[in-house]
Every structure is written in structure tokens, then in C-alpha cells.
Amino acid sequence: MMNFLKNRANVVWLVLVLATISTFELGEHGAAGVKALAAIFGLAWIKGQLVIFDFMELRHAPLFWRIVVGGWLCVVVGIIALAYWIGMR
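Residues numbered from 1 in each chain as written. Predicted model: local features only at pLDDT ≥ 70, side-chain atom pairs only at ≥ 80, totals over all residues. Heavy atoms only, no water.

Draft legend 1. Examining the nonpolar core more closely. Membership of the largest hydrophobic core is limited to 7 residues, which are Phe41, Ile52, Leu58, Ala61, Val69, Leu73 and Val77. Breaking this core down by element, the ones donating at least two residues are helix H3 (34-55) and helix H4 (63-88). Broken down by element, this core gets its largest block of residues, 3 residues, from H4. Here leucine 73 is in contact with Trp45, Gly48, Gln49 and Ile52, once residues within four sequence places are set aside. (Core = buried A, V, L, I, M, F, W, Y, C linked by side-chain atoms within 4.5 Å. Buried < 20%, exposed > 50% of the residue type's maximum accessible area, 1.4 Å probe, protein only. Helix = DSSP H or I, 4+ residues; strand = E, 2+ residues; numbered from the N terminus. Contact = heavy atoms within 4.5 Å.)

Right under this line is the structure:
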């Protein structure tokens, strides 16, 4: 197990799996309210960042591309959160 955790890609994969299970469990058990919503969208943003920086290998890319793709992620998560908020009204 220790060799598994020495590879950053394996650790990121494990975090992605745990975050996915967490958001699934929150949704399945009917978690409601601002805290649950913030947790779900926060985990989605973290998962997106991990995919962008580690699996798309933008961690060492030029700053411009990190800003463009990171900004895109923020816009997408923000629009989904806004749509959800509007739907709850």
C-alpha cells in the first residue's frame, strides 16, 4: 500500500474516488441545506482542479492556460450552482 501512495497519480485517483463517494452519499441520503450544497459544489470544484492539474497535466503548463482552464471550471461550477439556487426558489 505504501508504494501505491508514493505515486501522485494514485493519491489523486484515491482522493477523486473518495470525493465521488462522499457526494454520492450526500445526495442519496437527501442532504439538504446550504452546508450540504456547499460541500457538494466544493468537492466538485476540488475534483475538477485535480483532474485539470494532474490528469490533464496543466500543473506545469504556462500560467495563461492554467488561468483559462481554472477560470472555465469556476464559471461552470458557478453556473450550475446558480441554476440550482434559482430552481430552489
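Draft legend 2. Region of interest: the environment of leucine 58. As for its position among the elements, leucine 58 is in the loop between H3 and H4. For leucine 58, a relative accessible area of 12% translates into the label buried. C-alpha of leucine 58 to C-alpha of glycine 70: the two residues are 12 residues apart in sequence and 9.8 Å apart in space. Excluding its chain neighbours within four sequence positions, the residues that come into contact with leucine 58 are Ile52, Phe53, Trp65, Arg66 and Val69.

Draft legend 3. Inspection of the side chain of threonine 23 at higher detail. Within the element layout of this structure, threonine 23 appears in helix H2 (residues 8-28). Here the side chain of threonine 23 touches threonine 20 through a polar contact of 3.0 Å, landing on its backbone oxygen. Once residues lying within four places of it in the same chain are set aside, the contact partners of threonine 23 are Ile40 and Leu43. (Polar contact = N/O pair within 3.5 Å; in protein donor to acceptor, adjacent residues only side chain to side chain.)

Draft legend 4. Spotlight on unusual backbone geometry. A positive phi angle is found at glutamate 57, which is not glycine, with a value near 60°. Tracing the chain through its elements places glutamate 57 in the loop between H3 and H4.

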